[in-house]
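Architecture and fold: a report
Okay, here's what each chain looks like letter by letter:
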Amino acid sequence: MTSKERAYLKGLAMTMEPIFQVGKSGVTPEMIEAIDEALEKRELIKISVLKNCMEDGENAAAMIGERTHSQVVQVIGRKIVLYRKSMKNPKIFQ
């Protein structure tokens, strides 16, 4: 991903609300599956890491990105932005 693409995705993510929250139980296989489905539909998602989660934003982002085969666009504090191009219906970069 180029720096211009990353900047564009960051701009799109600014107005987004987080659709997932990583809580006390951390990153579970069920959460990974749900995030994987959301990435296929939306391509760009925002995730919030709650204060009661043992993991910090960077570690959670790396783990989720690796398991969903997505790219971590940005981590600011406890907010994570992920991108993965949809295989069936690409929307953002066609």
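Throughout what follows, the structure given in this document is the object of discussion. Being a predicted model, the structure only gives us computed values, none of them experimental.

Calculation notes
Residues numbered from 1 in each chain as written. Predicted model: local features only at pLDDT ≥ 70, side-chain atom pairs only at ≥ 80, totals over all residues. Heavy atoms only, no water. Axes fitted to C-alpha atoms, helices over the stretch in contact; angles between N-to-C directions. Helix = DSSP H or I, 4+ residues; strand = E, 2+ residues; numbered from the N terminus. Parallel < 35°, antiparallel > 145°, perpendicular 65-115°, else oblique. Left-handed = near helix turned anticlockwise from the far one by under 90°. Contact = heavy atoms within 4.5 Å. Core = buried A, V, L, I, M, F, W, Y, C linked by side-chain atoms within 4.5 Å. Buried < 20%, exposed > 50% of the residue type's maximum accessible area, 1.4 Å probe, protein only. Salt bridge = Lys/Arg side-chain N within 4 Å of Asp/Glu carboxyl O. Pairing = 2+ DSSP bridges. Right-handed = clockwise from strand over helix to strand, strands pointing away.

**A short note on the packing of helix H2 (residues 29–42) against helix H3 (residues 57–68)**
H3 packs onto H2 with a crossing angle of 65° between their chain directions and a minimal axis gap of 10 Å. Accordingly, the angle class assigned to the pair H2 and H3 is roughly perpendicular. Of the two possible hands of crossing, H2 and H3 adopt the one that is right-handed. On the side of H2, the interface is formed by Ile32, Ile35, Asp36 and Leu39, while H3 contributes Ile64, Arg67 and Thr68.

**Some remarks on the nonpolar core**
Val22, Ile35, Ile45, Ile47, Ile64, Ile80 and Leu82 are the most contacted members of the largest nonpolar core, which has 17 residues in total. Looking at this core, the elements that each hand over two or more residues are strand S1 (20–22), H2, strand S2 (44–49), H3 and strand S4 (79–83). With near-sequence residues (within four places) excluded, Ile80 lies in contact with Ile45, Lys46, Ile47, Val49, Gly57, Ala60, Ala61 and Gln74.

**Notes on the pattern of salt bridges**
Inspection of the entire model under this criterion finds two salt bridges. Two residues, Asp36 and Arg84, come together in a salt bridge whose shortest N-O distance is 2.4 Å. Taken together, the residues Asp36 in helix H2 and Arg84 in the segment after S4 connect sequence positions 48 residues apart. By relative accessible area, which is 31% here, Asp36 ends up partly exposed. A relative accessible area of 15% places Arg84 in the buried class. Each of Asp36, Glu40 and Arg84 takes part in one network of salt bridges that share partners.

**Section: the pairing of strand S3 (residues 71–76)**
Strand residues, when the strand is regular, have side chains that alternate between the two faces of the sheet. Across five bridges, the pairing between S3 and S4 is antiparallel. What sits directly across from Gln74, in S4, is Val81. A loop of two residues connects S3 with S4, the two strands running antiparallel in sequence, and Gly77 in this loop sits at a positive phi of about 60°.

**Here's the deal with the pairing of S2**
The buried count for S2 comes to six of six residues, which makes it a mostly enclosed element. Residues Leu44, Lys46 and Ser48 point to one face of S2 and Ile45, Ile47 and Val49 to the other, with burial holding for every one of them. Relative to S2, S1 is paired through three bridges, and the arrangement is parallel. Each bridged residue has a counterpart across the sheet, and for Phe20 the counterpart in S2 is Ile47. Handedness of the S1-H2-S2 crossover: right-handed. Here five bridges tie S2 to S4, and the two strands are oriented antiparallel to one another. Among the inter-strand pairings, Ile47 is bridged to a residue of S4, identified as Ile80.

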